[in-house]
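Commentary on secondary and tertiary structure
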Amino acid sequence: MGTAVEEQSAWQALSNELAATVGRVSGAVVAVNARRRAPSSGVHWRAGVIVTAAHSIRREEEITVTLQDGRTLAATLAGRDSSTDLAVLKIEEAGLPIIETSDAASLKVGELALAVGRAGEKGASASLCVVGALGEAWRTWRGGEIDKFIRLDIALYPGFSGGPLVNSSGQIVGLNSSGLTRSLAVTIPAATVNRVVNQLLTKGSITRGYLGVALVPVRVPDALTSKLGLTGHSGLIVINVEADGPADKAGLLLGDVVIAFDDVAVTEMEDVQSALGSESVGRVVKTKLIRGGQLVEVDITVGERPAARERRCG
């Protein structure tokens, strides 16, 4: 057991290192002024490129960012993706630092990390937290693909969304968000940020597949599953077909029960979202369904999802 002096020295060293880490990172953290109330945070991710939380962008014009030195610069919205809660802004090069990022695979449950934000003109803010839980890739309620689940053990303060999570090496692991779950603070991994930023800078939006059909889960009666020789008892019943959409052109009808795409069972909307990634656009999907008590197979050519479509529409 160390002496009181040794323990105090170790505590002081940790405190100094945490403060130094915030000092190094905070130069790349900006306040994003794009809503009526308090600003959100953002990170200078690449030269002239700011990444922030999409849910904090409430207007598309007259957006500004406030830098560490107090300067305020005009910013233009290059694109945003509500499904991953990421938005990209462009600014004139202002000599801001770019902080090295780290692969989220290196994180460990229980690891100390820093959530950094800049929610106004009073300087950077920081919260010491613990990585509370880690998981595999997951899909948000809007269908966004997140490369790794990272839950923090803190509630993000107002304005912290869009700010970075920083590991003990002073690297940015990802962007923090309170807009993807109802009650949890999660971190969007750097790999996801890079993927979304690339697409938003290129196209201004994220390409996703689109069927033009609304579906809800339904249980298939035992007698019908037995008659048709099905192994599962669940499917997705068609409750709306959009005129001239891919599903309409393929002949889907109200009341059809979709049970498989390309011989892969679909029982929940998450299964449909998984089949409608950016690579699916233009692909023909063999769709197996139940119609009038019989098995029917139709081919649907996946379209590109319009930006405003709701989650329940595949």
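Along each chain, residues carry numbers from 1 onward, in the same order as the chain's sequence is written. The predicted origin of the model limits local features to residues at a pLDDT of at least 70 and limits the giving and counting of side-chain atom pairs to 80 or more, whereas totals for whole chains, interfaces and linings rest on all residues. Side-chain numbers here rest on the full set of heavy atoms in the structure, without hydrogens or water.

Some details on the packing of aromatic side chains
Stacked, tilted and edge-to-face are the three classes applied to pairs of Phe, Tyr and Trp rings, where Trp contributes its six-membered ring and a pair requires centres within 6.5 Å; stacked means planes under 30 degrees apart, edge-to-face means over 60, and tilted covers the rest. Across all of its chains, the model carries 2 aromatic pairs by this definition. Ring centres 5.8 Å apart and planes at 65° place the aromatic pair Tyr 157 and Phe 160 in the edge-to-face group. Buried means the residue's accessible area, taken with a 1.4 Å probe over protein chains only, is under 20% of the maximum for its type, while exposed means over 50%, and partly exposed covers the values in between. For Tyr 157, a relative accessible area of 53% puts it in the exposed group. The exposure class assigned to Phe 160 is buried, which follows from its relative accessible area of 5%.

Considerations on unusual backbone geometry
Although it is not a glycine, Glu 62 sits at a positive phi angle of roughly 55°. In this description a helix means any DSSP run of H or I spanning at least four residues, a strand means any run of E spanning at least two, and both kinds are numbered starting from the N terminus. In this fold, Glu 62 is placed in the loop between β3 (49–52) and β4 (63–66). Residue classification places Glu 62 among the exposed residues on the basis of a relative accessible area of 70%. A positive phi is found at Asp 244, a non-glycine position, where the angle reads about 65°. With respect to the element layout, Asp 244 can be found in the loop between β17 (234–241) and α4 (246–250). The exposed category is assigned to Asp 244, whose relative accessible area is 60%.

Notes on helix α2 (residues 190–203)
The end-to-end C-alpha separation of α2 is 20 Å, in line with the 20 Å expected for 14 residues at 1.5 Å each. When α2 is considered as a whole, its buried residues turn out to be Ala 190, Thr 192, Val 193, Val 196, Val 197 and Leu 200. The buried residues of α2 occupy one face: seen down the axis, they fall within an arc of 145°. Gly 204 occupies a position one or two residues after α2 and carries a positive phi of about 85°. To estimate the expected span of a helix, count its residues, drop one, and scale the result by 1.5 Å. In this context, the arc is that of the directions from the helix axis out to the C-beta atoms.

Remarks on the sheet that holds β3
Taken in spatial order, the 6 strands line up as β1-β2-β3-β6-β5-β4 and close into a barrel, and their pairing is antiparallel. Averaged over neighbouring strand pairs, the angle between their axes works out to 40° when direction is ignored. In short, DSSP must find at least two bridges between two strands for them to pair. Where β3 lies against strand β6 (residues 86–90), 4 bridges are found, and the strand directions are antiparallel. Looking at the pairing, Val 51 lines up with Val 88 of β6. Note on contacts: a residue pair is in contact if any heavy atoms of the two residues lie within 4.5 Å. Convention adopted: a line fitted to C-alpha atoms gives each axis, helices being fitted over their contacting stretch, and angles between N-to-C directions are expressed from 0 to 180 degrees. Of the strands in this sheet, β2 (40–46), β3, β5 (72–81) and β6 touch α2, which is tilted by about 55° from β6.

Some points on the nonpolar core
Residues grouped as a nonpolar core are buried Ala, Val, Leu, Ile, Met, Phe, Trp, Tyr and Cys residues, joined through side-chain atoms within 4.5 Å. Counting residues in hydrophobic clusters, the biggest one holds 27 residues, and the most contacted among them are Trp 45, Val 51, Leu 86, Leu 175 and Val 193. Among the secondary structure elements, those contributing two or more residues to this core are α1 (4–25), β2, β3, β6, β7 (112–117), β13 (172–177), β14 (186–189) and α2. Counting residues per element, this core draws most heavily on α2, which supplies 5 residues. Setting aside residues up to four positions removed in sequence, Val 51 forms contacts with Gly 42, Val 43, Trp 45, Leu 86, Ala 87, Gly 162, Leu 175, Val 193 and Val 197. In terms of nonpolar packing, the next biggest core, distinct from the first, is built from 18 residues, Ala 247, Val 266, Leu 276 and Val 302 among them.

Structural notes on the pairing of β14
By the alternation rule, side chains of β14 split into Val 186 and Ile 188 and Thr 187 and Pro 189, which are all buried. Sheet topology places β13 next to β14; 4 bridges connect them, and they run antiparallel. The residue of β14 that forms the bridge with Ser 177 is Val 186.

A look at the pattern of salt bridges
Only one rule defines a salt bridge in this text: a Lys or Arg side-chain nitrogen within 4 Å of an Asp or Glu carboxyl oxygen. Counted under the stated rule, the structure contains 11 salt bridges. The salt bridge involving Arg 208 is made with Asp 81; its shortest N-O contact spans 3.2 Å. Within this pair, whereas Arg 208 is found in the loop between α2 and β15 (209–210), its partner Asp 81 is found in strand β5, the two being separated by 127 residues in sequence. Taking relative accessible area as the criterion, Asp 81 reaches 6% and is therefore assigned buried.

Let's talk about the confidence of the model for the protein
The quantity called pLDDT is the predictor's confidence in a given residue, expressed from 0 to 100. Mean pLDDT over the protein: 91, with 96% of residues reaching 70 or higher. Summarising per-element confidence for the protein, the mean pLDDT is lowest in helix α5 (residues 269–274) (83) and highest in β3 (98). Under a pLDDT of 50 for its full length, residues 309–313 has, in the predicted model, 18 contacts with residues more than four places off or in other chains.

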